[in-house]
Amino acid sequence: MEPFTLDTGATAWILVSAALVLLMTPGLSLFYGGMVRARTVLNMMLMSFSAMAVVAIAWTLIGYSLAFGTDVGGLFGAPLEHVGLSGTDEQSILAGSGVPFLVAAGFQMTFAIISTALISGAIADRVKLGTWMVFAAIWVVIVYAPLAHMVWGGGLLGADGIFASIAEPVDFAGGTVVHINAGVAGLVLAIIVGARKGFGTESMKPHNLPLVMLGAALLWFGWFGFNAGSAGTADATAGLAWVNTTVATAGAMLGWALVERIRDQHVTSLGAASGVVAGLVAITPAAAALTPLTSIVLGLLAGLACALAVGLKHRFGIDDSLDVVGVHLVGGLVGTVGIGFLAADGGLLLGGGVSLLIVQVLVAVAAMIFSGVLTTVIALALKHTMGWRIPEADERAGIDLTHHAEAGYDLAGALGARRERSIVPARHTPGASTGSIDPAEAVAPMDDASDPGPRNPAPLAEGAAPAAATARTVTTGEPR
């Protein structure tokens, strides 16, 4: 083991990149929070924030060891080697760049956090926060960390793994480890947990599109740390990853808009925000393997594919609430497999032959099987112990009020009136606060799909009859 030499520039770069990646999870909470209905926005955001807390601790205790400890059979790292993030700078996974052990470990922690938080969008509005937090802790240890080891830590799917004799697999920043992994986990949970009440029959439109756009902007900003930071230092590779991240995302946004314009005759802000995320997902594994020109092509393909894929949940009756499967699994596959076609070194379309393409497909399939099987085991175990679903009455009334005793928008107008109508006066007990409400007793079911209408309707003209109730168009889900 060579002596460690600190590089302050590279260390500063990774510290900033880690902060950017950590910012992605609050950004995701805004993105997801705006996409759900108003009565569930706080719970949705809490699922992202709770993932930050749970995964940070799990990663410190054992996750990092399993991901980057000494190889055990190509499947995971030695579990106790770096307990509590103990290790020397010579053992840093970025020692060659002069980045200390803890800095590199912290950078990887932020990847584990965002990967876990991504899954929550598939099960919005209907699961117990406690079960989700237990799932997050188990999943990051049993699924995420071993897959990270297999791809990045010297395991079976890495540069020296079982497919290396064909070609060296490429996953620069997490096409398999992050996006395919989270996308498959989201699909498994959506199936096992089941659909939201009213899925396919009631309007479940996003309640706050500016929040969605803000979240997408923060994700794009943080993603520069995700991709450019994965170079390990501030060098030409980081610059290439930065540029490719920008242009691929732009291409995907245009690709999604094109699908909307042809299919729906209009372009939406939700589609633009979703296209941004699709492009970011697709370029993640390929950020250092493509040129800026081929990155535009990859982004355009990702935008087209993901825009078409998100509607399949209605065809198959799977309530992937916020399109984790349609964006992250499909986008991750487009990026991972697309490397085999478009890579500057080894891509099929650039004269490199078919070897890299074969390996990229094999690695993607292996990651899907690994994640799918283990996530199924975890999800079923929790279903039969803690249980996933909140009561139907609580779900229809809104999980924010029934399970968190608060509302995202405490307005004096329409929403405030609805909240007052839904609350039954609580029984007061000695010593209880006069404002305390027992959520189990205080909230009655209410239909959040109904629009309360204007707070100050215009007066009827003299002699006019009251108008009939306005007909309401019911959609089959979120507009895409």
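All chains use their own residue numbering, which begins from 1 and follows the written sequence. This being a predicted model, a pLDDT of at least 70 is required before a residue's local features are given, and a value of 80 or more before pairs of side-chain atoms are given or counted; all residues contribute to the totals for chains, interfaces and linings. Values reported for side chains reflect all heavy atoms of the structure, with hydrogen atoms and water molecules removed beforehand.

**Description of the overall build of the protein**
Helix and strand assignments follow DSSP, with helices taken as H or I runs no shorter than four residues and strands as E runs no shorter than two, numbered in order from the N terminus. Tallying secondary structure elements over the protein gives 16 helices and 2 strands in all. Counting over 480 residues, the protein shows a buried share of 52%. Just so you have it, the protein exposes about 19400 Å², and 67% of that area is on carbon and sulfur atoms. Only protein chains enter the accessibility calculation, which uses a 1.4 Å probe. A residue is then buried if its area is under 20% of the maximum for its type, exposed if over 50%, and partly exposed in between. The Shrake-Rupley method, run with a 1.4 Å probe, gives the accessible areas here. Residue values count only the displayed protein chains as cover.

**Focus: the nonpolar core**
Counting residues in hydrophobic clusters, the biggest one holds 101 residues, and the most contacted among them are Phe-31, Trp-59, Phe-135, Tyr-144, Phe-226 and Trp-388. With 15 residues, the next largest nonpolar core counts Ala-282, Ala-289, Ala-302 and Ala-343 among its residues. In this text, buried Ala, Val, Leu, Ile, Met, Phe, Trp, Tyr and Cys residues form a nonpolar core when linked through side-chain atoms within 4.5 Å.

**So, empty space enclosed by the protein**
Here the term cavity refers to a set of points on a 1 Å grid, laid over the protein atoms alone, in which a 1.4 Å probe fits but cannot get out; the term pocket refers to an open set having protein on both sides within 12 Å along at least five of seven lines, with lining residues being those that place an atom within 4 Å of a point. Grid points are joined across faces, edges and corners, and a volume is the space filled by probe spheres set on the points. Counted under the stated rule, the structure contains 2 cavities of 30 Å³ or more. Roughly 60 Å³ of volume is contained in the second largest cavity. If you trace the second largest cavity, you find 10 residues lining it, with Phe-31, Val-277, Leu-322, Asp-323 and Val-327 closest to the centre. Contributions of two or more residues to the lining of the second largest cavity are made by helix 1 (8-35), helix 8 (269-283) and helix 11 (324-342). At 3 residues, helix 1 tops the list of elements feeding residues into the lining of the second largest cavity. Looking at the lining of the second largest cavity, its residues break down into 6 nonpolar, 2 polar and 2 charged. Basically, the charged four are Asp, Glu, Lys and Arg, the nonpolar ten are Ala, Val, Leu, Ile, Met, Phe, Trp, Tyr, Cys and Pro, and anything else, Gly included, counts as polar.

**Some points on the side chain of Arg-196**
Here Arg-196 is to be found in the loop between helix 5 (175-193) and helix 6 (209-228). Among the residues examined, Arg-196 registers a relative accessible area of 4% and is labelled buried. There is a polar contact of 3.5 Å between the side chain of Arg-196 and the side chain of Ser-321. Any pair of nitrogen or oxygen atoms within 3.5 Å is treated as a polar contact; in protein, a donor-acceptor pairing is required on top of that, and neighbouring residues in sequence qualify only through side-chain atoms on both sides.

**Thoughts on the pattern of salt bridges**
What counts as a salt bridge is simple: a side-chain nitrogen of Lys or Arg found within 4 Å of a carboxyl oxygen of Asp or Glu. Evaluated as defined, the whole model comprises 9 salt bridges. The residue Asp-319 makes a salt bridge to Arg-196 at a minimum N-O spacing of 2.8 Å. Placement of the pair is Asp-319 in the loop between helix 10 (312-316) and helix 11 and Arg-196 in the loop between helix 5 and helix 6, with a sequence separation of 123 residues. We note a salt bridge from Asp-264 to Arg-263, for which the minimum N-O separation is 3.1 Å. Here Asp-264 falls in the partly exposed class, since its relative accessible area comes to 23%. Arg-263 gets classed as partly exposed once you look at its relative accessible area, which sits at 36%.

**Details of the side chain of Asp-171**
Secondary-structure assignment places Asp-171 in the loop between helix 4 (129-152) and helix 5. The exposure class of Asp-171 is buried, given its relative accessible area of 12%. At 2.4 Å, the side chain of Asp-171 forms a polar contact with the side chain of Thr-176. Working rule for contacts: check all heavy atoms of both residues, and any pair within 4.5 Å makes them a contact. Contact partners of Asp-171, with chain neighbours within four places excluded, come to Val-151, Trp-152, Thr-176, Val-177 and Pro-285.

**Quick look at unusual backbone geometry**
A positive phi is found at Leu-85, a non-glycine position, where the angle reads about 55 degrees. Inspection of the secondary structure assignment puts Leu-85 in the loop between strand 2 (76-77) and helix 3 (101-119).

**Describing the packing of helix 11 against helix 12 (residues 355-383)**
Structural elements are reduced to axes, namely lines fitted to C-alpha atoms, with helices fitted over the stretch in contact, and the angle between N-to-C directions of any two is expressed from 0 to 180 degrees. Look at helix 11 against helix 12: their axes get within 6 Å of each other, and the N-to-C directions meet at 155 degrees. Judged on the interaxial angle alone, helix 12 and helix 11 are roughly antiparallel. As for the relative orientation of helix 11 and helix 12, their crossing is right-handed in sense. Taking contact as the criterion, the partners of Leu-329, Leu-333, Thr-336, Val-337, Ile-339, Gly-340 and Phe-341 in helix 11 are, on helix 12, Leu-356, Leu-357, Gln-360, Val-361, Ala-364 and Met-368. Of the residues belonging to the contact of helix 11 with helix 12, the class tally is 10 nonpolar, 3 polar and no charged. Note that the term roughly parallel is reserved for angles under 35 degrees, roughly antiparallel for angles over 145, roughly perpendicular for angles of 65 to 115, and oblique for everything else. Helix crossings are classified by the rotation of the near helix relative to the far one: an anticlockwise turn of less than a right angle makes the crossing left-handed, while a clockwise turn makes it right-handed.

**Details of the layout of surface pockets**
As a volume, the largest pocket reaches approximately 560 Å³. Forming the walls of the largest pocket are 27 residues, and the residues nearest its centre are Val-151, Trp-152, Asp-171, Phe-172 and Ser-230. Residue assignment for the lining of the largest pocket shows that the elements contributing at least two residues are helix 3, helix 4 and helix 12. For the lining of the largest pocket, the element with the highest residue contribution is helix 3, accounting for 4 residues. Here the lining of the largest pocket is built from residues that sort into 15 nonpolar, 10 polar and 2 charged.

**Some remarks on the packing of aromatic side chains**
Geometry of aromatic contacts follows a simple scheme: Phe, Tyr and Trp rings, the Trp one being its six-membered ring, pair when their centres are within 6.5 Å, and the pair is stacked under 30 degrees between planes, edge-to-face over 60, tilted otherwise. Counted by the stated rule, this structure contains 14 aromatic pairs. Relative to Phe-68, the ring of Trp-59 lies with its centre 6.5 Å away and its plane at 75 degrees, an arrangement referred to as edge-to-face. Phe-68 shares its class with Trp-59; the two are buried. By the ring-pair criterion, three or more aromatic residues cluster together here, those being Trp-59, Tyr-64, Phe-68, Phe-101, Trp-139 and Tyr-144.

**As for the confidence of the model for the protein**
Across the protein, pLDDT averages 89, with 85% of residues at or above 70. Each residue gets a pLDDT score, which is the predictor's confidence in that residue and runs from 0 to 100. Counting interchain partners and residues more than four positions distant, the pLDDT-below-50 stretch residues 421-480 has 83 contacts.

**Some remarks on the packing of helix 1 against helix 3**
The interhelical angle for the contact between helix 1 and helix 3, taken along N-to-C directions, is 15 degrees, at an axis separation of 9 Å. With respect to each other, helix 1 and helix 3 are oriented roughly parallel. The interaxial crossing formed by helix 1 with helix 3 has left-handed handedness. Along its contact with helix 1, which presents Thr-11, Ile-14, Leu-15, Ser-17, Ala-18, Val-21, Leu-22, Met-24, Thr-25, Leu-28 and Tyr-32, the element helix 3 presents Val-103, Phe-107, Thr-110, Phe-111, Ile-113, Ile-114, Ala-117 and Leu-118.

**Brief notes about helix 5**
Multiplying one less than the number of residues by 1.5 Å gives the expected span of a helix. The end-to-end C-alpha separation of helix 5 is 25 Å, in line with the 27 Å expected for 19 residues at 1.5 Å each. Along its length, helix 5 reaches its greatest deviation from straightness, about 25 degrees, at Asn-181. The reported bend at a residue is simply the angle between two axes, fitted to the 7 residues ending at it and to the 7 residues beginning with it.

**Things to note about the environment of Pro-285**
Structurally, the position occupied by Pro-285 is in the loop between helix 8 and helix 9 (292-309). With a relative accessible area of 0%, Pro-285 lands in the buried category. Along the chain, Pro-285 and Leu-333 lie 48 residues apart, while their C-alpha atoms are 9.7 Å from each other. With near-sequence residues (within four places) excluded, Pro-285 lies in contact with Val-170, Asp-171, Phe-172, Ala-173, Gly-175, Gly-335, Thr-336 and Ile-339.

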